[in-house]
Amino acid sequence: AAPEPVVARPVVASEDARGDAYILSGEIKSSRFGDLASYANVHDPVLIDCVGLKRIDFVSAGALLNVLTGVRSKGRQIVFHQPHHLAAELFGVVGLHAVASIVFAQR
């Protein structure tokens, strides 16, 4: 049987991210990110740690855009921290770059 997908959750970020972050990790499929808006209400900037993100499907990326569009409309800054290049490309395809910044790992 395939491993159960890991869902996004707000927790204290890894040492690679700054401060508290909303963690996206593992393989995310069909997530609606129901807890992201409440996390964003108390954090500015809204830091989304993608260091442990392996995959995210198109449906989840679109749902992420929907949630973050509402967050951005409230004036919050949104930053994706260290997504791998394929996730970053998908974020671009769904239009997340219009509401968020993406910070890649320095090499």
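Residues numbered from 1 in each chain as written. Predicted model: local features only at pLDDT ≥ 70, side-chain atom pairs only at ≥ 80, totals over all residues. Heavy atoms only, no water.

Peer 1: Any details on the packing of helix H2 (residues 58–73) against helix H3 (residues 85–94)? Residues and values, ideally.
Peer 2: Orientation of H2 relative to H3, taken along the N-to-C sense of each, is 60°, at an axis distance of 10 Å. Here H3 runs oblique to H2, going by the angle between their axes. Pair H2 / H3 crosses with right-handed handedness. Residue-level contacts link Phe 58, Ala 61, Gly 62, Leu 64 and Leu 65 of H2 to Leu 90, Phe 91, Val 93 and Val 94 of H3. Tallied by class, the residues present in the contact of H2 with H3 amount to eight nonpolar, one polar and no charged. (Axes fitted to C-alpha atoms, helices over the stretch in contact; angles between N-to-C directions. Helix = DSSP H or I, 4+ residues; strand = E, 2+ residues; numbered from the N terminus. Parallel < 35°, antiparallel > 145°, perpendicular 65-115°, else oblique. Left-handed = near helix turned anticlockwise from the far one by under 90°. Contact = heavy atoms within 4.5 Å. Nonpolar A, V, L, I, M, F, W, Y, C, P; charged D, E, K, R; others polar.)

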